[in-house]
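Chain residues, written in single-letter form:
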Number of protein chains: 2
Amino acid sequence: MNWIEGVIGTLNKERHRITRPRSNLLHIIAGYRSPFTAEQLYADVQGKHPSIGRATVYRTLDLLHSRGWLARVHRDDGEHAYVVADSRHQHYLVCKACGDVTAFEGCDVDSLLGGLARRLGFEIEGHWLEAFGRCRRCSHTSTPA
Amino acid sequence: MNWIEGVIGTLNKERHRITRPRSNLLHIIAGYRSPFTAEQLYADVQGKHPSIGRATVYRTLDLLHSRGWLARVHRDDGEHAYVVADSRHQHYLVCKACGDVTAFEGCDVDSLLGGLARRLGFEIEGHWLEAFGRCRRCSHTSTPA
DNA sequence: GTCACTGCAAAAGGTTTGCAACGGA
DNA sequence: TCCGTTGCAAACCTTTTGCAGTGAC
């Protein structure tokens, strides 16, 4: 629940309002353990709170993403999905079988890119790294866990 | 022009046809020096060959991408763009100022991810790495080169 | 001549926007 | 009360699809 508290703190600080639809969305989002798309969230929301509109879902995702509370994950097909994020810089291992996401830091990529950048005279401002594969459970079974 | 020849060779081998619209598209694509979107390509095509339809543009991009002749680049906003690619595995440095793309191989990321994967029991099948920043020219000027 | 390819138009997604009403602070 | 937020519906934008006609081989 720490994530939710963090988000609410931020919103308060910025004079945003903690409305009921917003709060409902936050709780559903906090419950996800894999990346989710906007439409998926909308569908889930409809189940519990049918009165919440599609626009609210999109606007909320936008808000959370712009504040760094959600990270975008690029799916194979280019569709964008979101994952709950803390504010540190992270990368993701995405399991193709079960959809599970493992985040990792310890970003040695920085030094890798650093050397490269020096060589090319490129000034790096940010990067995106994501790996796809099968998580421990799924690599031991033929079907998703 | 090497890229075009390569593409045509592949298409021939696979019993695809080198039609006039296809050929026109190839030439325009080969001329790009930055990532381009489908709509951008369509617009450019319209200028020179107004009779070519949107569907053909999308279908051609799809074909080229599926054969590895075009690589997808994720833009900041999540929009997908394409860059001319050869068949090796590559990563890209994308200049935010001028849009220039520098590809690099020497993928030390593999070893980095390898260690990580072992630790987590994750079986990696592929990864995506992309860096954003300013290229040599643009980091020396305030305006895009 | 065959069949991959084409343009068109319509449909299908996914996302954004305008607006009047609503309701947190 | 004030103004950020909401739901709705319509608009938008990008991409896909069905189909009859076309043209590369």
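The text that follows walks through the structure, step by step, so that each part is easy to find.

Parameters at a glance
- Residues numbered from 1 in each chain as written.
- Chains lettered and ligands numbered in written order.
- Predicted model: local features only at pLDDT ≥ 70, side-chain atom pairs only at ≥ 80, totals over all residues.
- Heavy atoms only, no water.
- Helix = DSSP H or I, 4+ residues; strand = E, 2+ residues; numbered from the N terminus.
- Buried < 20%, exposed > 50% of the residue type's maximum accessible area, 1.4 Å probe, protein only.
- Contact = heavy atoms within 4.5 Å.
- Areas by Shrake-Rupley, 256 points an atom, 1.4 Å probe, with all protein chains shown as cover.
- Phe/Tyr/Trp six-rings, centres within 6.5 Å; stacked < 30°, edge-to-face > 60°.
- Axes fitted to C-alpha atoms, helices over the stretch in contact; angles between N-to-C directions.
- Parallel < 35°, antiparallel > 145°, perpendicular 65-115°, else oblique.
- Left-handed = near helix turned anticlockwise from the far one by under 90°.
- Nonpolar A, V, L, I, M, F, W, Y, C, P; charged D, E, K, R; others polar.
- Near = heavy atom within 4 Å.
- Polar contact = N/O pair within 3.5 Å; in protein donor to acceptor, adjacent residues only side chain to side chain.
- Salt bridge = Lys/Arg side-chain N within 4 Å of Asp/Glu carboxyl O.
- Pairing = 2+ DSSP bridges.

### What to know about the overall build of chain A
Piece 1. Along the backbone of chain A there are 6 helices and 5 strands.
Piece 2. Relative to its full complement of 145 residues, chain A shows a buried share of 43%.
Piece 3. For chain A, contacts bridging at least 24 residues in sequence account for 47% of all contacts bridging at least 6.
Piece 4. Approximately 7800 Å² of chain A is accessible, and the part contributed by carbon and sulfur atoms is 49%.

### Overview of the packing of aromatic side chains
Piece 1. Under the definition given, this model contains 4 aromatic pairs over all chains.
Piece 2. The interplanar angle of 35° and the centroid separation of 6.1 Å between the aromatic rings of A:Phe36 and A:Tyr82 together place this pair among those described as tilted. Of the two residues, A:Phe36 sits in the loop between helix 2 (20-30) and helix 3 (38-48) while A:Tyr82 sits in strand 2 (residues 80-84), which places them 46 residues apart along the sequence.
Piece 3. A centroid spacing of 4.4 Å and a plane angle of 20° characterise the contact between B:Tyr32 and B:Phe36, whose relative ring orientation is stacked. Each member of the pair, B:Tyr32 as well as B:Phe36, is classed as buried.
Piece 4. Through a chain of ring-to-ring contacts, the aromatic side chains of A:Tyr32, A:Phe36 and A:Tyr82 assemble into a single cluster.

### What about the packing of helix 2 (residues 20-30) of chain B against helix 4 (residues 54-66) of chain B?
All names here are of chain B.
Piece 1. At a minimum axis distance of 11 Å, the contact between helix 2 and helix 4 shows a crossing angle of 70°. Taken together, the axes of helix 2 and helix 4 are roughly perpendicular relative to one another. As helix 2 packs across helix 4, the resulting crossing turns out to be right-handed. Residue-level contacts link Pro-21, Arg-22, Leu-25, Leu-26 and Ile-29 of helix 2 to Thr-56, Val-57, Thr-60, Leu-61, Leu-63 and Leu-64 of helix 4.
Piece 2. Taken together, the residues that form the contact of helix 2 with helix 4 break down as 8 nonpolar, 2 polar and 1 charged.

### A closer look at the protein's contact with DNA strand C
Piece 1. Around DNA strand C, 20 residues are found, and the nearest of them are A:Arg17, A:Tyr58, B:His16, B:Arg22 and B:Thr56.
Piece 2. Near the protein, meaning within 4 Å, the atoms of DNA strand C are sugar or phosphate in a fraction of 61%, with bases accounting for the rest.
Piece 3. Here a phosphate oxygen of DNA strand C sits 2.8 Å away from a polar atom, N or O, in the side chain of B:Thr19.
Piece 4. At the level of elements, helix 3 and helix 4 (54-66) of chain A together with helix 2 and helix 4 of chain B are the ones that each hand at least two residues to the surface near DNA strand C.
Piece 5. No other element matches the 4 residues that helix 4 of chain A contributes to the surface near DNA strand C.
Piece 6. Of the residues in the surface near DNA strand C, the class split is 7 nonpolar, 6 polar and 7 charged.

### Quick notes on the packing of helix 1 (residues 2-13) of chain B against helix 2 of chain B
Residue and element names in this part refer to chain B.
Piece 1. Put simply, helix 1 and helix 2 touch, their axes get as near as 10 Å, and they point 145° apart. Where helix 1 crosses over helix 2, the handedness of that crossing is right-handed. For the pair formed by helix 1 and helix 2, the contact residues are Trp-3, Ile-4, Val-7, Ile-8 and Leu-11 on the first element and Arg-22, Leu-26, His-27, Ile-29 and Ala-30 on the second.
Piece 2. Its residues assigned to classes, the contact of helix 1 with helix 2 comprises 8 nonpolar, 1 polar and 1 charged.

### Focus on the protein's contact with DNA strand D
Piece 1. Residues in contact with DNA strand D amount to 21 residues; listed here are only the nearest, A:His16, A:Arg22, A:Thr56, B:Arg17 and B:Tyr58.
Piece 2. In DNA strand D, atoms within 4 Å of the protein come 65% from sugar and phosphate.
Piece 3. A distance of 3.0 Å is found between a base nitrogen of DNA strand D and a side-chain nitrogen or oxygen belonging to A:Arg59.
Piece 4. With respect to DNA strand D, the side chain of B:Arg17 contributes an N or O atom lying 2.6 Å from a base nitrogen.
Piece 5. Contributing elements (two or more residues each) for the surface near DNA strand D: helix 2 and helix 4 of chain A together with helix 3 (38-48) and helix 4 of chain B.

### So, the pattern of salt bridges
Residue and element names in this part refer to chain B.
Piece 1. Taken as a whole, this structure holds 4 salt bridges over all chains when the rule is applied.
Piece 2. With a shortest N-O distance of 2.6 Å, Glu-14 and Arg-67 are connected by a salt bridge. You can see Glu-14 sitting in the loop between helix 1 and helix 2 and its partner Arg-67 sitting in the loop between helix 4 and strand 1 (70-74), a full 53 residues away along the chain.
Piece 3. Here Arg-54 ties to Glu-39 by a salt bridge, and the two come within 3.1 Å at their closest N and O atoms. With a gap of 15 residues between them, Arg-54 in helix 4 and Glu-39 in helix 3 connect regions that are remote in the sequence.
Piece 4. Judged by its relative accessible area of 39%, Arg-54 is partly exposed.

### Considerations on the pairing of strand 3 (residues 91-95) of chain B
Residues and elements named next belong to chain B.
Piece 1. By the criterion of burial, strand 3 is predominantly enclosed, with 5 of the 5 residues buried.
Piece 2. Because side chains alternate across strand 3, one face comprises the buried residues His-91, Leu-93 and Cys-95, and the other comprises Tyr-92 and Val-94, equally buried.
Piece 3. With 4 bridges connecting them, strand 3 and strand 5 (residues 123-134) associate as parallel partners. Note that in strand 5 the partner of Tyr-92 across the bridge is Glu-130.

Nothing here speaks to function; it is all geometry.
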